[in-house]
Amino acid sequence: MNIVFLGTPLFAKEILEGLMKNHTILSVITQPDKPFGRKKILKAPEVKECALANNIPCFQPEKSIDIIEILHNIDTKQKIEAIIVVAYGKILKKEIVSRYICLNLHGSLLPHYRGASPIQTSIMNDYKHFGLSVIYMNEGLDSGNIAAIQKIEKDIVARKNVAEVFHTLAPYGISLLEKVLNDIKHNTLQTTPQNHDIASYCKKLTKNDCYLDFIDSYTCYLHFLALGHIGVWTEYKDSVLKINMIQDYVLDNSVLSDSVLQDSSLKDPTLRDSKLQDSIPKDSMQNKVAKQKGTILAIKQNMACIACENGALWIESVTPQNKSKMTITSFLQSQNLKVGDSLVFE
């Protein structure tokens, strides 16, 4: 089919690469280049890089209304059979969705988590409503009829950071879109209206959403997986302490029986590395709920186990404010902190 593709980030690029194998991509529309890093060097979206590498015409309109003319010019040269939208970043005008077949691949089981950050929001909520939907777009926010939907099991993506999750989901997204496009081609597509009464929404995430409160270890770990690409952080001595890598988490000891704590052959099943469990002194493990959040429970190689109000986190690296990235052990040494001391997060 003749397709115009609208998308911006790496996930959209992977979907585009999959569609290119079976369809003609007439043009790509993506976001403008944006400044990146401290030096504010302009960086092209991954979708643009893919388009240019494959000699596909690429447009980067500043305003959504400009897309109308772009599509008209494309359509006059070669008929557009479908428009595919994947994480484009702008809402299409009514004039577009009413004139063309517009399909949107959305990262949740709609009508749940309509909006800008469905996959991240699902991860932060323990993979609730996790899956993919293809909708026949209307002028609303992710409110069109569902053309295809697929629940993704938590086990497939558990413990993967959001970039790894997007990569894992890409083949599922390609397969779902191919099914819908095939149904359109053979005039067999059937769509289902969304239940708007149970719709929920998610917002565009900012740095403020990345704050770790060190209350519950599992919740903090999920936030790290979902938001690590932005940069999770906490406060230390009235300054920002960015947490670059959380290797693992330890659950509240209410889920660990005395026999588990006393028998070194039985490990907390939530830990990827059972050796990390052994590194926490038994008295610290048994009393960690009573310890103040921020207490250093153990130090092993380049990692430190830091207490939460419930459970603990194995942290590997941090970046203090206005300083370079360093291992957590180097940071603790620079602050003259040892096991039993507290980082006193406020």
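In what follows, the structure referred to is the one given above.
These numbers come from a predicted model, not from an experiment.

A. Spatial organisation of the layout of surface pockets. Roughly 340 Å³ of internal volume is contained in the second largest pocket. Along the walls of the second largest pocket sit 13 residues, with Arg38, Lys207, Val240, Lys242 and Thr319 positioned nearest its centre. Elements that contribute at least two residues to the lining of the second largest pocket include exactly strand 13 (239–250) and strand 16 (312–320). Across the lining of the second largest pocket, the residue classes break down as five nonpolar, four polar and four charged.

B. Structural context of the sheet that holds strand 7 (residues 102–106). Reading across from one edge, 5-2-1-6-7-9-10 is the order of the seven strands in this open sheet, with mixed pairing throughout. With one partner strand each, in any of the chains shown, strand 5 (58–59) and strand 10 (145–151) form the two edges of the open sheet. The pairing of strand 2 (residues 24–29) with strand 5 spans two bridges and is classified as parallel. In the strand pairing of strand 5, Val28 is matched with Cys58. Set on the sheet, helix 1 (residues 10–20) makes contact with strand 1 (2–7), strand 2, strand 6 (82–86) and strand 7; between it and strand 1 the angle comes to about 170°.

C. Here's a closer look at the pairing of strand 1. Along strand 1, six of the six residues are buried, which leaves the element largely enclosed by surrounding structure. Where burial is concerned, the two faces of strand 1 agree: the one with Asn2, Val4 and Leu6 and the one with Ile3, Phe5 and Gly7 are both buried. For the crossover that starts at strand 1, traverses helix 1 and ends in the parallel strand 2, the hand is right-handed. Looking at chain direction, strand 1 and strand 6 are connected through five bridges and run parallel. By the bridge assignment for strand 6, Leu6 is matched with Val85.

D. Just the side chain of Asp248, in detail. Positionally, Asp248 belongs in strand 13. Note on Asp248: relative accessible area 1%, which makes it buried. Among the polar contacts listed, one links the side chain of Asp248 to the side chain of Arg159, at a separation of 3.0 Å.

Procedures and definitions
Residues numbered from 1 in each chain as written. Predicted model: local features only at pLDDT ≥ 70, side-chain atom pairs only at ≥ 80, totals over all residues. Heavy atoms only, no water. 1 Å grid on protein atoms, 1.4 Å probe; cavity = no way out; pocket = protein on both sides within 12 Å on 5 of 7 lines; lining within 4 Å. Points joined across faces, edges and corners; volume = space filled by probe spheres on them. Helix = DSSP H or I, 4+ residues; strand = E, 2+ residues; numbered from the N terminus. Nonpolar A, V, L, I, M, F, W, Y, C, P; charged D, E, K, R; others polar. Pairing = 2+ DSSP bridges. Contact = heavy atoms within 4.5 Å. Axes fitted to C-alpha atoms, helices over the stretch in contact; angles between N-to-C directions. Buried < 20%, exposed > 50% of the residue type's maximum accessible area, 1.4 Å probe, protein only. Right-handed = clockwise from strand over helix to strand, strands pointing away. Polar contact = N/O pair within 3.5 Å; in protein donor to acceptor, adjacent residues only side chain to side chain.

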